[in-house]
Amino acid sequence: MQDIIKLEGVCKAYGDHQVLKDLDLSIRKGECFTMLGPSGCGKTVTIRLIAGHEVPDSGKIEIDDTVVADSSTGAYIPPERRGLGIVFQDYAVWPHMTVTQNIAYPLKMEKRPKAEIDKLVKAMIATVGMEGLDKRLPSELSGGQQQRVALARALVADPSVMLLDEPLSNLDANLREEMRFEIKALQQRFGITVLYVTHDQEVALAISDRIAIMDANGRIRQTGTPYEIFEKPADLFVFKFMGIANFLAVRSEGDKYYVGTGTQEVPWPEGPAGTAEKWVVGFRPSDVEIGREAKGLKGVIKRANFLGSTMDYAIEIDGEHLRTELVAHKAISQDLMFQEGEECYITFKALHWFDAKQLEEVGEL
Ligand SMILES: Nc1ncnc2c1ncn2[C@@H]1O[C@H](COP(=O)(O)OP(=O)(O)OP(=O)(O)O)[C@@H](O)[C@H]1O
Ligand SMILES: [Mg+2]
């Protein structure tokens, strides 16, 4: 498939803070591509570079086969000529303009005829479900409605590429969920390429064709489909970043693997690829089975919390700790309501193996 946005060897520093170093990125025409990474990792800087509000210290940026910035030749095309629709992180709708005026703004900049502007704005107001609110000022709208205005303004000039920087950050959980489906629907309906930037894993999994995971140093750790990122994480950072997980320290002796400092050897679903003496196995709460039958790893319930629909257990296994949840009605019907201090057995449906050396880089788990 054809790449519509291409970054090659892009570097950007502020003072002596190197935010991006040799960043390569290709976004395919028509896809919804998400950049996911922790706060301060350089996501907004990347968006600003693509939009043309910043210039790279070195490297090249292409949009639709046109070089829009190249440090080696000094080539630079200004933002308004890059053909992008943008929703910035603070979504900045013009406070002194009505909904209609806000959405019409990009078309006015393009000096389109008034009749055409009226028609397009009206259609866009309907698309984002803002009928009847068209004469209001942003101060008379909710955060979610302002967000829709910002989206409509970005969409109205029919851009082939949309850059969306945390466009749902100020919405409550319900509206966020609703809006992410709307963005996805708009993207598919208009066949737009979307570059979506967020630190919210759930949103990224829900809307993306592909995801790039960026670490705190502005380096991309993995690019892949949501399934690849979730099920085949390239490293410990990616696995940890993709949501709630448990980790156990495992040491290898010969071809055997033992948990913590103990002597329990386990029939793991699969062993690691590669060799190391110290490993970290990662798994999600849904990958763990807990039982009373002597099968798998023996542990002790350190804490048992009844959370209504689930039981939350903290378990110690040979000096290592994990937490898991069990649906409460299953716990009751299958005699799995454990008390603190009771023994239990743990088996795994899935595991991810990481060389423990990666811990130094990722820090505390
Ligand atoms: N104009 C600037 N001058 C100096 N430093 C800057 C500037 N813009 C960004 N930075 C720094 O660059 C780093 C990356 O910033 P950026 O805004 O891209 O982070 P982000 O990934 O978008 O984070 P968040 O998820 O919090 O929005 C930060 O450390 C930030 O302080
Ligand atoms: Mg940002």
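A quick note: this is a predicted structure, and the numbers were derived from the prediction, not measured. For every chain, the first residue of the written sequence is number 1, and numbering continues from 1 onward in sequence order. The naming scheme follows written order: chains are lettered A onward, ligands numbered 1 onward. Confidence filtering applies because this is a predicted model: local features only for residues at pLDDT of at least 70, side-chain atom pairs given and counted only at 80 or more, and all residues used for totals across whole chains, interfaces and linings.

**Considering the domain arrangement of the protein chain**
Part 1 of the argument: According to the domain assignment, the protein chain consists of domain 1 (3-238) and domain 2 (244-362).
Part 2 of the argument: Each domain's extent is set by a domain assignment, obtained either automatically or from a database. For domain 1 versus domain 2, the distance between C-alpha centres works out to 40 Å.
Part 3 of the argument: Throughout, a residue-residue contact means that the two C-beta atoms, derived from backbone geometry, are no farther apart than 7 Å. Contacts between the two partners involve four residues from domain 1 and, on the opposite side, seven residues from domain 2.
Part 4 of the argument: Across the side of domain 1 that touches domain 2, the residue classes break down as three nonpolar, no polar and one charged. Three categories are distinguished: nonpolar for Ala, Val, Leu, Ile, Met, Phe, Trp, Tyr, Cys and Pro, charged for Asp, Glu, Lys and Arg, and polar for the others, with Gly belonging to the last.

**What to know about the nonpolar core**
Part 1 of the argument: Ranked by internal contacts, the top residues of the largest apolar core, which has 89 residues, are Ile103, Ala152, Leu163 and Leu195.
Part 2 of the argument: The element that contributes the greatest number of residues to this core is helix H4 (residues 143-155), accounting for six residues.
Part 3 of the argument: Of the domains in this structure, domain 1 (3-238) and domain 2 (244-362) are the two that each give at least three residues to this core.
Part 4 of the argument: For isoleucine 103, the residues in contact, after removing those within four places along its chain, are Val121, Met124, Ile125, Val149, Ala152, Arg153 and Val156. In this usage, the nonpolar core is the set of buried Ala, Val, Leu, Ile, Met, Phe, Trp, Tyr and Cys residues whose C-beta atoms join them within 7 Å. Any residue with 12 or fewer other C-beta atoms within 10 Å of its own C-beta is exposed, any with 20 or more is buried, and the rest are partly exposed; the C-beta atoms used are placed from the backbone. Helical segments are the DSSP runs of H or I of at least four residues, strand segments are the runs of E of at least two, and each set is numbered from the N terminus.

**Considering the sheet that holds strand E13 (residues 256-259)**
Part 1 of the argument: Strand order in the open sheet formed by four strands is E13-E12-E14-E20, and the pairing between neighbours is antiparallel. Single-partner strands in this sheet number two, and they are E13 and strand E20 (352-355). Put simply, the sheet's adjacent strands are angled 35° from each other on average, direction ignored.
Part 2 of the argument: Across four bridges, the pairing between strand E12 (residues 246-253) and E13 is antiparallel. Bridged to glutamate 253 within E13 is lysine 256. Two strands pair under a simple rule: DSSP has to find at least two bridges between them. Angles shown run from 0 to 180 degrees and are taken between the N-to-C directions of axes, each axis being a line fitted to C-alpha atoms and, for helices, limited to the stretch in contact.

**As for the site of ligand 1**
Part 1 of the argument: The immediate surroundings of ligand 1 are formed by Tyr14, Val19, Gly37, Ser39, Gly40, Cys41, Gly42, Lys43, Thr44, Val45, Gln89 and His199.
Part 2 of the argument: Top contributing element to the shell around ligand 1 by residue count: helix H1 (residues 43-51), with three residues.
Part 3 of the argument: A per-class count over the shell around ligand 1 returns four nonpolar, seven polar and one charged. The criterion for a residue being near a molecule or strand is a backbone-placed C-beta atom within 6 Å of that molecule or strand.

**Comments concerning the packing of helix H2 (residues 99-109) against helix H3 (residues 114-127)**
Part 1 of the argument: Between H2 and H3, the least distance of the axes is 9 Å, while the angle of their chain directions is 125°. As far as their axial angle goes, H3 and H2 are oblique. In terms of crossing hand, the pair formed by H2 and H3 is right-handed. Across the interface between the two elements, Val99, Thr100, Ile103, Ala104, Leu107 and Lys108 from H2 touch Ile117, Leu120, Val121, Met124 and Ile125 from H3.
Part 2 of the argument: A per-class count over the contact of H2 with H3 returns nine nonpolar, one polar and one charged. Here roughly perpendicular refers to angles of 65 to 115 degrees, roughly parallel to angles under 35, roughly antiparallel to angles over 145, and oblique to all remaining angles. Here a crossing is called left-handed whenever its near helix is offset anticlockwise from the far helix by less than a right angle, and right-handed whenever the offset is clockwise.

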